[in-house]
Amino acid sequence: MGEAPTGAPPSEKTVEERLDSWKEIAAYLNRDVTTVQRWEKREGMPVHRHVHDRLGSVYAFRGELDAWTRGRSIRPAQEGDDGAPLGSATSGSTTSTARGKWKFLLPVAAVAALAIGVGLWLRRTEYFWRSPVREARFQNVTDFDGQAQAAAVSRDGHFVAFLSDRDGPMDVWVTQVGSGQFHNLTRGTAPELVNPSVRTLGFSPDGALVTFWVRKQGGSSGDISIWAVPTLGGQPKPYLEGVAEFDWSRDGSRLTYHTPGPGDPLFVSDGGRRADARPIFTAPSGLHSHFPLWSPDAKFIYFVQGSLPDKLDIWRIHPIGGSPERITSHFARVTYPVLLDPRTLAYLVSDPDGSGPRLYSVDVERRIPHLLSSGLERYTSLAASADGHRLVVTLANPKRTLWRLRIGDSAAEVSAPTRIPLTTNTEFSPRLGPNYLLYISASPRGESIWKLADGAGTELWSGVGAQIFGGPAIAPDGRSIAFSVRQQGQALLFVMRADGTSARMVTDSLDLQGNPAWSPDGQSITTAAAEHGVPHLFRVPLDGRSPALFVQEYSVDPAWAPDGRFVLYSGPDVGTTFGVKAVTAAASTQPLPALTLTRGARHLAFLPGGRSLVLLRGEIQHKNLWLIDLETGVERQLTNLAPDFDVRDFDISADGREVVLERVQERSDVALLDLPRP
């Protein structure tokens with residue numbers, strides 16, 4: 001989208017490739033204006049003129065100039081000051097004189113050509129690039145025992161707002177930089193505040209208000225709005241109803257915002273939200289557009305677009321609409337873009353192995369990304385003052401552990417969770433087999449699959465640089481395991497025995513997504529794979545036959561009923577929720593009670609008999625286990641976990657009595673980076 005193919009006519013080429021004056025053309029070729037004008041006249045250098053405009057109003061494209069430079073028969077260093085090729089005969093000159101000139105000038109020309117080549121290479125590789133945070137002054141803002149996240153900074157850099165559970169519930173806090181004093185602005189009165197996929201906090205242009213994203217507890221995507229509270233304290237009030245994110249232009253006269261509807265429609269207005277406004281852009285079905293950001297000159301709106309949570313990149317679009325231009329090509333978890341100046345964009349990116357997010361920057365014209373952070377830092381938010389010289393970040397230290405509990409026929413029979421003692425450092429994506437537990441562990445070398453049986457842990461599979469996505473799937477008889485791996489940029493589906501032997505690749509031809517699932521007969525794997533950016537369910541036979549499309553619409557994370565009559569799957573995120581649907585084994589629609597869940601809770605597990613389903617329901621960062629009867633639609637809450645017990649995944653035993661939970665505990669703090677001024 002927005003990227004002009006090679007050889008496209010001038011009207012179709014992208015704006016970022018264009019040089020809009022003789023001065024820009026000369027600077028790009030590292031020559032003066034007179035020389036490039038002469039090249040255009042005498043050697044046909046590709047320069048375009050605006051129709052009906054004055055003769056001097058010209059433009060050129062970098063790609064065309066590069067091709068012309070490579071194909072020139074006369075190099076720039078071989079030209080004289082008058083533009084004639086050196087070595088041309090003039091009146092009174094002799095052959096020996098010409099030969100003498102050539103003997104002298106050829107080495108000079110070679111050196112000059114080499115210098116030009118090196119100069120162009122240095123320009124294109126940004127050899128002289130310097131980190132914008134290299135000499136930044138670092139200072140901590142918070143030192144809390146719990147979480148401080150989603151930090152924002154006022155335009156003048158004097159105030160910092162953030163979310164924190166310092167007083168128990170998650171609240172909006174504010175501090176004046178350097179004061180050491182912190183003020184709770186919401187005091188437990190705000191509904192759900194946490195959403196790591198959007199910029200949840202901000203300031204009004206004058207800094208008088210702190211704005212925050214809210215969703216009514218248990219509400220749908222239509223219950224999302226932006227509220228505001230005075231920076232010095234007061235009563236929270238609605239600010240932009242029905243809006244998920246927004247940004248004011250530098251002069252405070254124009255507003256860009258998106259709503260939580262399908263594709264996150266993006267709007268531009270001269271004030272608040274307009275009910276009759278038409279979006280300037282809506283992402284394709286199943287994709288999202290988050291973190292809208294005005295450029296300082298208001299020529300562009302930057303935003304993050306892609307599939308949540310980790311197939312995203314930064315794009316930009318003109319405020320009047322049109323085709324977006326792609327700025328980055330990470331295809332990862334990209335969040336929190338900020339502009340330090342008109343060309344320097346800073347943002348956060350998670351690594352392919354799941355580590356990070358880390359701090360990056362890119363020149364929006366040259367588009368070569370640079371890693372600004374090193375080591376094991378994990379940044380979870382980024383914001384900048386209006387002049388780009390003060391950054392506020394949140395640094396996090398997450399801990400993932402596994403816990404188990406017993407459930408009964410009533411809430412009174414549910415035991416308290418107890419931690420499972422393991423020898424690995426990080427454990428996640430638990431799955432229960434007959435008399436054993438599987439889980440994934442991460443290390444600097446890559447991720448691995450472990451098995452816990454009879455109190456002893458054993459590593460079953462590991463891969464250098466491997467990222468295991470989705471949980472491992474256990475065959476109905478418990479004897480085999482299927483799992484999806486991303487390694488060296490390729491998605492691979494593996495199957496192995498439950499003791500870790502006979503591992504083999506089943507397919508490498510699909511862009512795999514989410515959790516795989518065994519078919520009840522154990523003869524194939526059902527998994528989602530993306531086609532043109534949209535995931536669909538495929539059947540992957542284990543006998544070597546090619547994968548076959550199973551479900552035509554958007555579908556991920558399958559869960560088969562034990563008797564094989566139908567399979568459940570998750571639909572696309574709309575705002576912060578997604579729907580659950582079902583099809584029969586013949587891909588016909590299977591009736592199902594209306595079921596809408598909150599983002600981050602896609603794993604589903606059947607109880608014996610296939611009549612009831614166990615799932616996670618609640619807020620984005622705090623959910624409990626629920627039981628739903630798929631025939632009657634009757635629901636029952638199974639657990640009542642503490643507010644700080646953040647469950648990201650789970651599994652249930654075959655008899656429906658034991659549950660294993662993946663818990664995430666995150667300690668995070670806010671810090672400032674003051675960048676040096678020129």
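This report concerns the structure included in the present document. (Residues numbered from 1 in each chain as written. Predicted model: local features only at pLDDT ≥ 70, side-chain atom pairs only at ≥ 80, totals over all residues. Heavy atoms only, no water.)

1. Brief notes about the sheet that holds strand 37 (residues 534-541)
Selection rule: Criterion used throughout: strands pair if DSSP finds at least two bridges between them. In this text, helices come from DSSP runs of H or I with a minimum length of four residues, and strands from runs of E with a minimum of two, each type numbered from the N-terminal end.
The sheet built from four strands is open, its strands ordered 35-36-37-38 with antiparallel pairing. Of all the strands in the sheet, the pair left with one neighbour each is strand 35 (512-518) and strand 38 (548-549). Two strands pair when backbone bridges link them, and strand 36 (residues 524-531) and strand 37 are joined in this way by eight bridges, in the antiparallel orientation. By the bridge assignment for strand 37, Ala530 is matched with Pro535.

2. So, the pattern of salt bridges
Put simply, the rule reads: Salt bridges are identified by distance alone: a Lys or Arg side-chain nitrogen within 4 Å of an Asp or Glu carboxyl oxygen.
Evaluated as defined, the whole model comprises 28 salt bridges. For the salt bridge of Asp143 with Arg667, the shortest nitrogen-to-oxygen distance reads 3.2 Å. Within this pair, whereas Asp143 is found in the loop between strand 4 (137-140) and strand 5 (148-153), its partner Arg667 is found in strand 48 (residues 658-674), the two being separated by 524 residues in sequence. Among the charged side chains, a network of salt bridges with common partners joins Arg316, Glu325, Glu365 and Arg367.

3. Notes on the sheet that holds strand 32 (residues 480-487)
The condition that has to hold: Note on method: axes are straight lines fitted to C-alpha atoms, helices fitted across the in-contact stretch only, with angles between N-to-C directions ranging 0 to 180 degrees.
As summarised here, the arrangement of the four strands in space is 31-32-33-34, forming an open sheet in which the pairing is antiparallel. One side of each edge strand has no neighbouring strand; the edge strands of this open sheet are strand 31 (467-474) and strand 34 (504-507). Geometrically, the sheet is characterised by an average inter-axis angle of 30 degrees between neighbouring strands, direction not taken into account. Bridge analysis of strand 33 (residues 490-497) against strand 34 gives three bridges, and the strand direction is antiparallel. For Val495, the partnering residue across the bridge sits in strand 34 and is Arg504.

4. Description of the environment of Thr142
Using the following cut-off: In the analysis that follows, any N or O atom pair within 3.5 Å is treated as a polar contact, provided that within protein one partner can donate a hydrogen and the other can accept it, and provided that, for residues neighboring in sequence, both atoms belong to side chains.
Secondary-structure assignment places Thr142 in the loop between strand 4 and strand 5. Expressed as a C-alpha distance, the spacing of Thr142 and Thr175, which sit 33 residues apart in the sequence, is 9.5 Å. For Thr142, the side chain forms a polar contact with the side chain of Asp669, separated by 2.8 Å.

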